[in-house]
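So the chains spell out like this:
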Amino acid sequence: MTSRSNSNSNFSESSYDYDDSDQPGVPTPDRADTLSPGHRNNSLNGLLGFTFGSKKMRKKKPFCQERAIVGLALLVIAFVGMNWWMLSRIQNSGRAPEVEFRFLKANSSTLSIREELERLGKGRKPQKTIYARLLAKAAHALAEGQKKSEPKDLWAEPYFVASTWKPCAEQRDWQPSEGRNGYITVTANGGINQQRVAVCNIVAVARLLDATLVLPKFLYSSVWKDVSQFGDIYQEEHFINYLKPDIRIVRELPQDLQSLDLEAIGSLVTDADVVKEAKPSFYKKNILPILHKNRVVHFLGFGNRLASDPLPFQVQRLRCRCNFHALKFVPKIEETGALLIRRMRQNVTRLGPLDRHLVGPFSKSMMKGERNRGEKVARYLALHLRFEIDMVAHSLCEYGGGEEERNELEAYREIHFPALVELQKNQKVPSPAALKVEGLCPLMPEETVLMLAALGFNRQTRIYLAGAHIYGGKSRLASLTTLYPNLVTKESLLSSSEIEPFKNFSSQLAALDFIVCTAADVFAMTDSGSQFSSLISGFRVYYGEGKMATVRPNKRRLADIFVKNNTIDWRTFEQRVRKAVRQTKRVFTRPVGRSVYRYPRCKECMCNK
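Each value, and the rule that gives it
- Residues numbered from 1 in each chain as written.
- Predicted model: local features only at pLDDT ≥ 70, side-chain atom pairs only at ≥ 80, totals over all residues.
- Heavy atoms only, no water.
- Phe/Tyr/Trp six-rings, centres within 6.5 Å; stacked < 30°, edge-to-face > 60°.
- Helix = DSSP H or I, 4+ residues; strand = E, 2+ residues; numbered from the N terminus.
- Buried < 20%, exposed > 50% of the residue type's maximum accessible area, 1.4 Å probe, protein only.
- Axes fitted to C-alpha atoms, helices over the stretch in contact; angles between N-to-C directions.
- Parallel < 35°, antiparallel > 145°, perpendicular 65-115°, else oblique.
- Left-handed = near helix turned anticlockwise from the far one by under 90°.
- Contact = heavy atoms within 4.5 Å.
- Nonpolar A, V, L, I, M, F, W, Y, C, P; charged D, E, K, R; others polar.
- 1 Å grid on protein atoms, 1.4 Å probe; cavity = no way out; pocket = protein on both sides within 12 Å on 5 of 7 lines; lining within 4 Å.
- Points joined across faces, edges and corners; volume = space filled by probe spheres on them.
- Pairing = 2+ DSSP bridges.
- Disulfide = S-S within 2.5 Å.

Draft legend 1. Quick peek at the packing of aromatic side chains. Within the structure shown, the criterion is met by 21 aromatic pairs. Their ring planes at 15° and their centres at 5.6 Å tell us that Y234 and F329 sit as a pair that is stacked. One end of the pair, Y234, is in the loop between α8 (230-233) and α9 (236-242); the other, F329, is in the loop between α12 (313-326) and α13 (331-344), with 95 residues separating them in the sequence. Of the two residues, Y234 and F329, neither departs from the other in class, the shared state being buried. Between the aromatic rings of F514 and F539, the centroid separation amounts to 5.6 Å while the plane-to-plane angle is 85°, which identifies the pairing as edge-to-face.

Here it is as structure tokens:
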């Protein structure tokens, strides 16, 4: 009775089979567990007999067979050793206090998070590895697949129709605006991505109102801590001259308007005065009269204050023209961006479809030297891991850190998102589990590495990691850096002297990330709602000739797959992840009401030949 009970409960993990819907089938026990004790002894004796018999035969084997057996044994030992090393690296990834505290301090503003943590009296404890079982299977698959070929469409757009769309936003069909109704100034808020969108939108508003645009300015943010202005990031002369056939742009207000108290005369317009996604009729009804009266309007903030639709055809095309043609980075950024791309390609002399649009004349430097006939094409993947503390805290999700993590993120929300804290107190918000199911949580590094491994990127893949401070520091990246050791950042690719001019300028550093990610053979995002990822994917569509693959995960579908961590087999996991990601690669025109910066495949921006 006892032996039967033990045998029925001792199923091997690999004996479970699942159908396409991930419903468990009937478990099949190991063969040894189905045998009675007598049968097991007979089987054991037979096995021993075969072993002793094989020893007699071994003496008769030629020497070359002996060497082959020894070589095979060494290969198996090496394979097992690599698996053990990668898993031990992942499992022993404790969170180092000095890394964590330095990261948190860099992200605080009015109050040091470090002081808040010390007040809470919470120490650092090693974090239990999330998705340990799937990570073990991923490590095994990557080690086993070192010499296997990657999936055929992994590095390419899978649909030919993508190549039929061509850029045409540079085409104009109107007369230049004289800007006779007055002057528009703007001080855009946010980071470089929000500012870029604001600039393109204000250009469209200036044309709508037949106003003269003063060169945009950027609002200093206590979060970004960057004093960079428009001319520190973009080429002013090119911006003014390229848009001259569309709108009139000047560097500053006329002398008689500079001394005006704009707030006192009612010419200061904040985001509170303009509805989100405002239509052209709003500006003609509410802003144009102020221009007629005071000759100047100053927009402060201007975040997301122009609707995607409806907009006149040529005004919509003007937004595309501004984003894809008029905004070019200054030579300092272009030169360093070209240097980063060349190093990511391991100095292989080739040009990508977007290089000259991103780094201008410095793209020629990437063609120095002669390419050898046998030289391999050095491809790289760029990854935007949107897992900074602001994103993590604002999401209201949980990431495996327990009570310590909850206290830490709550302290951050108290400082940076007080309105969200009030919302939590006064209203019932969805649970972290519910948010996860709905795909509203950013992908964790552990989930990201599982997605990349399931898609088929091999262990030698060169990965450029964009962004700044990942929440959790180096220890949180342990699974990613262990399974993909060729992961680099701009900080690791550039020398101290090369990166020095960009230090303390987060927007300029983000511009470097923008260039390297946009030029990558494959760009993978972890949060499709990120403005940075949206702008990059749009740029790759516009100039990519249908060749630039972008991995845009469906987080809701992935959440349903990840929840089966303890039961799903690796092959089924691969199939489901690949299917979920492949569906987001499909080519389609811009949906009504969606951003032309992200979805430029529309008649206003691109031509379908």
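Next, the rest of the story.
Draft legend 2. Spotlight on unusual backbone geometry. At the junction of D309 and P310, the peptide bond is cis and its omega measures out at -10° in the coordinates. Counting through the fold element by element, P310 comes out in the loop between β7 (296-301) and α12. Even without being a glycine, D210 presents a positive backbone phi close to 50°. Despite not being glycine, N347 shows a phi value in the positive range, around 60°. Counting through the fold element by element, N347 comes out in the loop between α13 and α14 (355-359).

Draft legend 3. Quick look at the packing of α13 against helix α24 (residues 506-519). At a minimum axis distance of 9 Å, the contact between α13 and α24 shows a crossing angle of 45°. In terms of axis orientation, α13 runs oblique to α24. Relative to α24, the crossing made by α13 is right-handed. Of the residues in α24, those touching α13 at K332, I333, E334, T336, G337, L340, I341 and M344 are Q508, A511, L512, I515, V516 and A519. Residue composition of the contact of α13 with α24, by class: 9 nonpolar, 3 polar and 2 charged.

Draft legend 4. Highlighting the layout of surface pockets. In this model, the second largest pocket occupies a volume close to 510 Å³. Lining the second largest pocket are 21 residues, with A141, K148, W570, E574 and R578 positioned closest to its centre. Broken down by secondary-structure element, the contributors of at least two residues to the lining of the second largest pocket are α6 (132-144) and α27 (570-582). Among the residues forming the lining of the second largest pocket, the class breakdown is 6 nonpolar, 7 polar and 8 charged.

Draft legend 5. Region of interest: the pairing of strand β9 (residues 462-466). The buried fraction of β9 amounts to 5 of the 5 residues, a majority that puts the element mostly inside the structure. On β9, burial covers both faces: R462, Y464 and A466 on one face and I463 and L465 on the other are all buried. The pairing of strand β8 (residues 380-384) with β9 spans 5 bridges and is classified as parallel. Its bridge partner being in β9, L383 is matched across the sheet by L465. Where β9 meets strand β10 (residues 487-488), 2 bridges bridge the pair, whose relative direction is parallel. Within the sheet, the bridge partner assigned to I463 lies in β10 and is L487.

Draft legend 6. The arrangement of the packing of helix α7 (residues 192-208) against helix α25 (residues 531-543) in detail. Direction vectors running N to C along α7 and α25 enclose 60°, while the axes themselves pass 8 Å from each other. Here α25 runs oblique to α7, going by the angle between their axes. Along this stretch, α7 crosses α25, giving a crossing that reads as left-handed. Listed contacts from α25 to N193, Q194, R196 and V197 of α7 are Q531, F532, L535 and F539. For the contact of α7 with α25, the residue count by class is 4 nonpolar, 3 polar and 1 charged.

Draft legend 7. The arrangement of the state of the cysteines in detail. Within the structure shown, the criterion is met by 3 disulfides. Two residues, C168 and C607, share a disulfide whose sulfurs are 2.2 Å apart. Note on the C168 and C607 pair: the S-S dihedral is about 105°, so by sign convention the disulfide is right-handed. Taken together, the residues span a long stretch of sequence, with C168 in the loop between β1 (165-167) and β2 (183-188) and C607 in strand β13 (residues 606-608) at a distance of 439 residues. Judged by relative accessible area, C168 falls into the buried class, the value being 1%. A disulfide bridge connects C320 with C605, and the sulfur atoms are separated by 1.6 Å. Highlighted residues: C320 in helix α12 and C605 in the loop between α27 and β13, separated in sequence by 285 residues. Of the two residues examined, C320 and C605, each falls in the buried class. For the protein chain, the bonded cysteines pair up as 1-6, 2-5, 3-4 when numbered in the order they occur along the sequence.

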